[in-house]
Amino acid sequence: YHLIPYFGKKWLEEVDVLSIEEFKALKHKQGLSPKTINNILSVLRRCLTSAEDWNLLPKVPRIKWLRVPPPVNKFLSIEESERLLAGAENVFWYAFILCALRTGMRIGELCALEWSDVNWDRHSITVSRSVVEGVIDTPKNNRNRIIPMTDDLYTLFCKYKGKGLVFPGPDGGHMRKSSWPWKALHRAC
């Protein structure tokens, strides 16, 4: 979307420091954030590194990353969390939202959560996979993690524990459309 229109007709040797700097300036002028530009440059760097590995490019040009302000973490207040839970349209989405609020799990991790990931003795959840658009993969940082369950989440899970997925899609499998949880969250909001 960004790289091919700009670099697509250039020879590999023509992708140099100057052309990369001009690309960055253009994208900044188009209103892209420094973080987005850096993400695009990461893809470009990976492509150029592959070309170097395949002996198609003698050396990858130096890429200067844009300064990115530290991310701002916004958390819901207790009152906002309670209002969000009150807006859940049924028990399924209530449990989904409660689990997200109490564990900080990402939507893909919630969609891949299985009852076998719940350690009932230790009141904890092991996050070992994520699902996006029906594709199962590892969690974002490629690391498993163990999250303690709060008492209210543990009590709710005890009422509904079973086998398979904790939050299955309509067909009983993984939710294939990542928009379903987002739409449910928006309706709850």
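Look a little higher up for the structure.
Now for a quick tour of the structure.

Let's shift gears to the environment of Ile125. Following the sequence through the fold, Ile125 ends up in strand β2 (residues 124–127). Overall, the relative accessible area of 0% leaves Ile125 in the buried class. When the C-alpha positions of Ile125 and Glu114 are compared, they lie 9.5 Å apart, and in sequence the two are 11 residues distant. When neighbours within four sequence positions are excluded, Ile125 is seen to be in contact with Cys99, Thr103, Met105, Leu113, Asp117, Val118, Arg145, Ile146, Ile147, Met149, Leu153 and Phe157.

Counted by the stated rule, this structure contains 11 aromatic pairs. Both rings, one in Phe92 and one in Trp93, keep their centres 4.9 Å apart while their planes meet at 90 degrees; by these two values the pair is edge-to-face. Overall, Phe92 belongs to the partly exposed group, its relative accessible area being 27%. On the basis of relative accessible area, Trp93 is assigned to the buried category, the value being 10%. Judged by centre distance (6.1 Å) and plane angle (15 degrees), the ring pair of Trp115 and Trp120 falls under stacked. Grouped by ring-pair contacts, the aromatic residues Phe92, Trp93, Phe96, Trp115, Trp120, Tyr154, Phe157 and Phe167 constitute a single cluster. In this structure, Lys161 packs its charged tip against the face of Trp120, placed 4.7 Å from the ring centre.

The next thing to look at is the pattern of salt bridges. Applying the stated criterion to the full structure yields seven salt bridges. Residue Glu21 pairs with Lys24 through a salt bridge whose shortest N-O separation is 2.9 Å. Placement of both Glu21 and Lys24 in helix α2 (residues 17–29) is noted, with a separation of three residues, approximately one turn of the helix. For Lys24, a relative accessible area of 6% gives the class buried. Members of the salt-bridge network, linked through shared partners, are Arg106, Glu109 and Arg145.

On the basis of which strands lie adjacent, the open sheet formed by three strands has the order β1-β2-β5 and antiparallel pairing. Edge positions in the sheet fall to β1 (118–119) and β5 (145–148), since each has one partner strand and no second. Note: β1 against β2, two bridges, orientation antiparallel. Directly across from Val118, in β2, lies its bridge partner Ile125.

End to end, helix α3 (residues 34–53) covers 28 Å across 20 residues, agreeing with the expected 28 Å (1.5 Å per residue, within 8%). Within the span of α3, buried status applies to Ile37, Asn38, Ile40, Leu41, Leu44, Leu48, Thr49, Ser50 and Ala51. Here the buried face of α3 lies against α1 (3–7) and α2. With its phi angle positive at about 60 degrees, Asn55 sits one or two positions after the end of α3.

A separate point is the packing of α2 against α3. Their axes nearest at 11 Å, the elements α2 and α3 cross at an angle of 150 degrees. As for the relative orientation of α2 and α3, their crossing is right-handed in sense. Each of Ile20, Phe23, Lys24, Lys27 and His28 in α2 lies in contact with α3, whose residues at this interface are Ile37, Ile40, Leu41 and Leu44. Grouping the amino acids of the contact of α2 with α3 by side-chain chemistry returns six nonpolar, one polar and two charged.

Each value, and the rule that gives it
Residues numbered from 1 in each chain as written. Predicted model: local features only at pLDDT ≥ 70, side-chain atom pairs only at ≥ 80, totals over all residues. Heavy atoms only, no water. Helix = DSSP H or I, 4+ residues; strand = E, 2+ residues; numbered from the N terminus. Buried < 20%, exposed > 50% of the residue type's maximum accessible area, 1.4 Å probe, protein only. Contact = heavy atoms within 4.5 Å. Phe/Tyr/Trp six-rings, centres within 6.5 Å; stacked < 30°, edge-to-face > 60°. Lys NZ or Arg CZ within 6 Å of the ring centre and 35° of its normal. Salt bridge = Lys/Arg side-chain N within 4 Å of Asp/Glu carboxyl O. Pairing = 2+ DSSP bridges. Expected span 1.5 Å × (residues − 1). Axes fitted to C-alpha atoms, helices over the stretch in contact; angles between N-to-C directions. Left-handed = near helix turned anticlockwise from the far one by under 90°. Nonpolar A, V, L, I, M, F, W, Y, C, P; charged D, E, K, R; others polar.

The values are spatial; any link to function lies outside them.
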